[in-house]
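Below, each chain spelled out in residue letters.
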Amino acid sequence: MKLTFFVSLLSTEEEEEELPTSILRDRSHIEETLRLASEEPASDYAAALQKLRKIYHTSIKPMEQAYKYNELRQHEISDGEITSKPMVLFLGPWSVGKSSMINYLLGLQDTPYQLYTGAEPTTSEFTVITYGEKIRSIEGIVMAADSSRSFSPLEKFGQNFLEKLVGIEMPHKLLERVTFVDTPGIIENRKQQERGYPFNDVCQWFIDRADLIFVVFDPTKLDVGLELEMLFRQLKGRESQIRIILNKADSLATQDLMRVYGALFWSLAPLINVTEPPRVYVSSFWPYEYEPDTSRDLFKREEISLLEDLNQVIENRLENKIAFIRQHGIRVRIHGLLVDRYVQTFKDKMSFFSDPELVFQEIVDDPDKFYIFKSILAKTNVSKFDLPNRDAYRDFFGINPITSFKPLSAQCSYMGGCLLDKIERAITAELPGLLSSITSGKNPSLSSCEATGCGEKPKNRYRRH
């Protein structure tokens, strides 16, 4: 059923009337911790986003397009992704309380707009809950077709997936600052082919763009199978965004809860190979009161800690966005330097009697022989840990002939400047300058480079930008 957020047909008005309101939990701490009543300086935030968008389009995207970076990483940044709100992703086995947790945070319980929940696997779609002036449901094909949204790249996963994608818009204060994504529960005995679309690839797309990832468990579903192992392999490198949630904690006695907590760590230890494991929150994230004779104070403190964690991500969303674009720019710069080195090496090794295909095949098969990657490390601000996989370039040049690329020295123009100079200035000066202007509370509409020109042709101060 596509409109999964409507109330279950199994519940009747008589049952709702019999439900005593006293068992509902007080939600005042949610609004207080997330500061939903406070107003934000929207104009400064919008100006900073526009500045960030301009830096990306003028300094990073030209090199990205010239050297076809998106074909290497399969990640093209759209305007919608730059201006999008922070994304909170909910992952985990089926029926662990992911949808109930979203209902609780948004106060949707017992309303016609709550996400459908149940003891059986209920969520079969990727559900994106975002802000809108009125409550409405949006089909996946509409979300993918709208270029102003950040979900248009999802079209590459096919029509079968788009039928499993649904968006919900509603006028909620929290959704003005964040977007929630509810995912289908992991069912270990189900093969990916049975879903009809590349489930792991879709999860990876959302993981790559999520600012916070909640991996939810409940005490009865701690077994780790192949699909959950695959999920944690996809989470490698995103450990700082991961939060583990042991939900439905009030269903156990304190002694049993301690054993389950230890069992959860024992199950996840081989999957999360980091020095500091992700933060684990132990509570019951749903709108009803805790069970009697349980650690109510502990669960309440854990819930407030999680809300503070969420609020920190919301408040730092602009800084995180700038850092993300800068990290992307560093990868694009390294890619451009590598392609340039491949091009220069190919030209140096070519002679009048050489076979171009054989010469370049030798370079691609053994780049270390020609010091291609080592020569990049001699450049400033290049770390060996940021270098991409060598095998990726064998596939990259398999579909992109080396003769289709120009060296960096030829990527310059009188009016536009050089691609390498522009992207290095963005990484070392413009993006850090924008970040410092935000943290210091200054107006980010103009940077020092725009005011002085930074060696470029002076700009007309009287022209309206």
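What you are looking at is a predicted structure, and each value in this text was computed from that prediction instead of being measured.

### Side note on the overall build of the protein chain
On a plain count of helices and strands, the protein chain comes out with 19 helices and ten strands. Within the protein chain, the fraction of its 465 residues that count as buried is 46%. Contacts spanning at least 24 positions in sequence make up 80% of the contacts within the protein chain whose residues lie at least 6 apart. When the accessible area of the protein chain is evaluated, it comes to approximately 24200 Å², of which 51% is carbon and sulfur surface.

### Regarding the state of the cysteines
By the definition in use, this model includes one disulfide. The disulfide bridge from C412 ends at C418, spanning 2.0 Å between sulfur atoms. An S-S torsion of about 115 degrees defines the bridge between C412 and C418 as right-handed. Using a relative accessible area of 36% as the deciding quantity, one classes C412 as partly exposed.

### Details of the packing of helix α10 (residues 199-209) against helix α11 (residues 226-234)
Where α10 meets α11, the axes come as close as 10 Å, and the angle between the chain directions of the two elements is 35 degrees. Of the two elements, α10 crosses α11, and the hand of that crossing is right-handed. On α11, the residues that touch F199, N200, D201, C203, Q204 and I207 of α10 are E227, M230, L231 and Q234. Of the residues assigned to the contact of α10 with α11, the class counts are five nonpolar, three polar and two charged.

### Digging into the sheet that holds strand β2 (residues 126-131)
The eight strands lie next to each other as β3-β4-β2-β5-β1-β6-β7-β8, forming an open sheet whose pairing is mixed. Every other strand in the sheet has two partners, leaving β3 (136-139) and β8 (279-282) as the edge strands with one partner each. Strand-to-strand twist of the sheet, defined as the mean angle between neighbouring strand axes without regard to direction, takes the value 20 degrees. Two elements, β2 and strand β5 (residues 179-182), share three bridges in a ladder whose sense is antiparallel. Counterpart to T127 in the pairing with β5 is D182. Helix α12 (residues 254-268) contacts β6 (212-217), β7 (242-246) and β8 of the sheet and is inclined by roughly 145 degrees relative to β7. Contacts between helix α13 (residues 296-315) and the sheet are confined to β1 (87-91), β6, β7 and β8, with β8 contributing the most and set at about 135 degrees to the helix.

### With respect to the pairing of β6
Counting buried positions along β6 yields six of six residues, so the element is predominantly enclosed. By the alternation rule, side chains of β6 split into L212, F214 and V216 and I213, V215 and F217, which are all buried. In this structure, β1 lies alongside β6, joined through four bridges in parallel fashion. By the bridge assignment, F90 is partnered in β6 with F214. Here five bridges tie β6 to β7, and the two strands are oriented parallel to one another. Along β7, the bridge assignment pairs I213 with I242. Handedness of the crossover joining β6 and β7 through α11 is recorded here as right-handed.

### Digging into the nonpolar core
If you look at the biggest cluster of nonpolar residues, it comprises 47 residues, and the most contacted ones within it are I325, V339, Y342, F360, I363, Y393 and F397. Those elements giving two or more residues to this core turn out to be α3 (42-66), α4 (69-73), α14 (317-349), α15 (356-365), α16 (372-377), α17 (390-399) and α18 (419-439). Ranked by residues supplied to this core, first place goes to α14 with twelve residues. I325 has contacts with L52, Y56, I60, I77, I82 and L431, leaving out every residue within four places of it along the chain.

### Observations concerning the side chain of S59
Considering the arrangement of structural elements, one finds S59 in helix α3. Among the residues examined, S59 registers a relative accessible area of 5% and is labelled buried. One polar contact links S59 to E430, side chain to side chain, over a distance of 3.4 Å. If near-sequence neighbours (up to four positions away) are discounted, S59 is found in contact with K422, I423, A426 and E430.

### Observations regarding the confidence of the model for the protein chain
The share of residues in the protein chain with pLDDT of 70 or more is 85%, and the mean pLDDT across the chain is 82. Low confidence marks residues 1-22, where pLDDT is under 50. Its contacts with residues over four positions away, or in another chain, come to 33 contacts. Here residues 446-465 is modelled with pLDDT under 50, and outside its nearest four sequence neighbours on either side it reaches 14 contacts, counting other chains as well.

### Description of the packing of aromatic side chains
As enumerated under the stated definition, the model contains 26 aromatic pairs in all. With 6.0 Å between their ring centres and 80 degrees between their planes, F157 and F161 make a pair best called edge-to-face. Residue class for F157 comes out buried when judged on its relative accessible area of 13%. Seen from their ring centres, F397 and F405 are 6.2 Å apart, and the 85 degrees between their planes marks the pair as edge-to-face. A relative accessible area of 8% means that F397 is categorised as buried. Here the aromatic cluster, defined as three or more aromatic residues joined through ring pairs, consists of Y67, Y342, F346, F360, F373, Y393, F396, F397 and F405. The aromatic ring of Y104 is capped on one face by R25, whose charged end is 5.2 Å from the ring centroid.

### A word on the environment of S78
Mapped onto the fold, S78 is located in the loop between α4 and α5 (79-83). On a C-alpha basis, the gap between S78 and S147 in space is 8.4 Å, while along the polypeptide they are 69 residues apart.

The rules we used
Residues numbered from 1 in each chain as written. Predicted model: local features only at pLDDT ≥ 70, side-chain atom pairs only at ≥ 80, totals over all residues. Heavy atoms only, no water. Helix = DSSP H or I, 4+ residues; strand = E, 2+ residues; numbered from the N terminus. Buried < 20%, exposed > 50% of the residue type's maximum accessible area, 1.4 Å probe, protein only. Contact = heavy atoms within 4.5 Å. Areas by Shrake-Rupley, 256 points an atom, 1.4 Å probe, with all protein chains shown as cover. Disulfide = S-S within 2.5 Å. Axes fitted to C-alpha atoms, helices over the stretch in contact; angles between N-to-C directions. Left-handed = near helix turned anticlockwise from the far one by under 90°. Nonpolar A, V, L, I, M, F, W, Y, C, P; charged D, E, K, R; others polar. Pairing = 2+ DSSP bridges. Right-handed = clockwise from strand over helix to strand, strands pointing away. Core = buried A, V, L, I, M, F, W, Y, C linked by side-chain atoms within 4.5 Å. Polar contact = N/O pair within 3.5 Å; in protein donor to acceptor, adjacent residues only side chain to side chain. pLDDT = per-residue confidence, 0-100. Phe/Tyr/Trp six-rings, centres within 6.5 Å; stacked < 30°, edge-to-face > 60°. Lys NZ or Arg CZ within 6 Å of the ring centre and 35° of its normal.

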